[in-house]
Every structure is written in structure tokens, then in C-alpha cells.
Amino acid sequence: MHHKVGLSSIKRRWVCTLALWLSGIGMLLLPAACTLDPIRETPRDALTDFPGKVHPNNHDSVRILQQRTVTDGVVLFYRWQTDAAAAAETFCAASAFVTYGASGWQAQSGGYFVGDTVSQPACDLDNPISLKASYYYAGQTTRFTIVYGLSDMGEHVRITWSDATTHVVPLAQGAFLLTRKGISEPLRIEVLDATGTPVVRETWE
């Protein structure tokens, strides 16, 4: 499904409220509040909204590693830096399913590598990474499974599912991303070298 990213001449919408002020002479309508609600023009812009994990102050550090178009929206696998991660020369990584709506692009669901607490992403990632992978479920009209990860080894990644199906996806920018229709359980992730030989694996069996 193709989504338009821009809105031609309308780039922002203003939401204003009017307050009623009574005086001895009569009633005057005066603007009491006016707030700027920017349109999120690209999928990347949605990552600062929950369940995206990027703080608005760190938006400029976002780098999209992989992207897939799916029913209803787009799946992103991305990295970014918090202030602390930038100081430590490390990074954070997460995935998000985003859709296009009245306010532009919005994050609907996501997954991330868990940090010190379950609610916080790991931001101590540093190259080289042999293999780090995870998965989650997303979708609105169509449900699907998303597998994502990082590796600096090999050429491809082989994913083995609970129904014995396998998928092989390329590694690009040290990252991989796969979407599969339906709710499925990945059991094993293997990084393959140029000959197709596994060099490192992670299992969830």
C-alpha cells in the first residue's frame, strides 16, 4: 500500500480555542489558546510518539536501518542515540509499525531490545555485534509477525519458524528485518556466511 507523505500546500494545522470574555459594554471573542500541532510528514517523524522510543530532542540522531511496506503501513527498524549513548559512543535500536492518519504518520506498535528495565530500550549497543535479534506482532486489518536484529557477521540471516518454514533475508547495514503475514513464532535465527554455513545462532525453542 502506498501512502502519500506530504499534504501538498497544507503542512501544519493550528488548533485554536476561543474564550468568551464579558465586559460592561458587551461580549468580545478573544483567542485564549493557540497551539501548534505539526503534521508528522514522514514515517521517521512518528518515532518520537509512543510506542516509538525516541525522545524529540534526539530525533536528529535517528538512522533507518531497514524498512518494509506492509498492509496498512510501514515497518521500520532504526537506531538512535540518547545523550548518554552519544557520550558513551553507543546506540539504541528498535522497530516500529507506523500508519498514516489525520495527523500524518503515527506509531501503532513496536519492539526493542530490553535495557536495565523492561520498559526501557538497551542503549549500550556497540559494534561489532555477533547477533542480537527479537520479534513482535503488529497489524490492524491484517496481523503479521516482525523479526528484526543486528549482526556484523555473515551475509544473510535464516529464520526458522515453529511450523518448520524457513526464510532467508540479507544483512544490510549490519541489520535485518522480516515481516510475515499471520501470527507465527520464530524459533531460531542463524547468521550465514557466503557459503550458507551458519556462523552464529540464537534460539527461542
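Residues numbered from 1 in each chain as written. Predicted model: local features only at pLDDT ≥ 70, side-chain atom pairs only at ≥ 80, totals over all residues. Heavy atoms only, no water.

Student: Go over the pairing of strand 11 (residues 175–181) with me, naming the residues and quoting the values.
Tutor: In terms of burial, strand 11 is largely enclosed, as five of its seven residues are buried. Judged from the seven bridges that link them, strand 8 (residues 144–150) and strand 11 form a sheet pairing that is antiparallel. Note on strand 11: the bridge partner recorded for Val147 is Leu178. (Buried < 20%, exposed > 50% of the residue type's maximum accessible area, 1.4 Å probe, protein only. Helix = DSSP H or I, 4+ residues; strand = E, 2+ residues; numbered from the N terminus. Pairing = 2+ DSSP bridges.)

Student: Now, about the packing of aromatic side chains: what can you tell me, with residues and values included?
Tutor: Taken as a whole and assessed by the stated rule, the structure comprises eight aromatic pairs. For the pair Phe97 and Phe144, a centre-to-centre distance of 5.2 Å together with 85 degrees between the ring planes defines the contact as edge-to-face. Residue Phe97 is found in strand 5 (residues 92–101), and its partner Phe144 is found in strand 8; the two are separated by 47 residues along the sequence. Of the two residues examined, Phe97 and Phe144, each falls in the buried class. An angle of 70 degrees between the planes, with centres 6.0 Å apart, marks the rings of Tyr136 and Tyr148 as edge-to-face. With Tyr136 in strand 7 (residues 132–138) and Tyr148 in strand 8, this pair connects stretches of sequence that are twelve residues apart. Residue class for Tyr136 comes out buried when judged on its relative accessible area of 7%. Tyr148 sits in the buried class, given a relative accessible area of 0%. Members of the aromatic cluster, connected to one another through ring pairs, are Phe77, Phe113, Tyr136 and Tyr148. The ring of Phe91 carries the charged tip of Arg79 above its face, separated from the ring centre by 3.7 Å. The residue whose ring lies beneath Arg180 is Trp161, and the NZ or CZ to ring-centre distance is 4.8 Å. (Phe/Tyr/Trp six-rings, centres within 6.5 Å; stacked < 30°, edge-to-face > 60°. Lys NZ or Arg CZ within 6 Å of the ring centre and 35° of its normal.)

Student: Mind laying out unusual backbone geometry, listing which residues take part and the relevant values?
Tutor: Following Phe50, the chain continues to Pro51 via a peptide bond in cis, the omega torsion being 10 degrees. The residue Pro51 is located in the loop between strand 2 (27–38) and strand 3 (63–70) in this model. Here the phi dihedral of Glu89 falls at roughly 60 degrees; this positive angle occurs in a residue that is not glycine. Glu89 sits in the exposed class, given a relative accessible area of 65%.

Student: How would you summarise the environment of Phe50 if you had to cite specific residues and measurements?
Tutor: Note that Phe50 resides in the loop between strand 2 and strand 3. We classify Phe50 as exposed; its relative accessible area is 72%. For the pair formed by Phe50 and Ala96, sequence separation is 46 residues and the distance between their alpha carbons is 9.8 Å.

Student: Pulling in residues and values, what's your account of the sheet that holds strand 13 (residues 198–203)?
Tutor: Strand order in the open sheet formed by four strands is 10-9-12-13, and the pairing between neighbours is antiparallel. The outermost strands of the open sheet, each flanked by one partner alone, are strand 10 (166–170) and strand 13. Going across the sheet, the axis of each strand differs from the next one's by a mean of 20 degrees, ignoring polarity. For strand 12 (residues 186–192) and strand 13, the ladder comprises five bridges, and the chain directions are antiparallel. Paired with Ile189 across the two strands is Glu202, which belongs to strand 13. (Axes fitted to C-alpha atoms, helices over the stretch in contact; angles between N-to-C directions.)

Student: I'd love a proper account of the state of the cysteines, names of residues and values included.
Tutor: What makes a disulfide is a covalent bond joining the sulfur atoms belonging to two cysteines. All told, the structure shown has one disulfide when counted by the stated rule. At a sulfur-sulfur separation of 2.0 Å, the disulfide partner of Cys92 is Cys123. Where Cys92 bonds to Cys123 through sulfur, the torsion about that S-S bond is close to 110 degrees, and the disulfide is right-handed. Residue Cys92 is found in strand 5, and its partner Cys123 is found in the loop between strand 6 (104–112) and strand 7; the two are separated by 31 residues along the sequence. (Disulfide = S-S within 2.5 Å.)

Student: Account for the confidence of the model for the protein, naming residues and giving values.
Tutor: Averaged over every residue, the pLDDT of the protein is 84; residues scoring 70 or more account for 81%. Of all the helices and strands in the protein, strand 1 (residues 12–22) carries the lowest mean pLDDT, 34, while strand 9 (residues 156–161) carries the highest, 98. Taken together, the stretch residues 1–36 has pLDDT below 50 and engages in 52 contacts with residues farther than four places along the chain or on a different chain. (pLDDT = per-residue confidence, 0-100. Contact = heavy atoms within 4.5 Å.)

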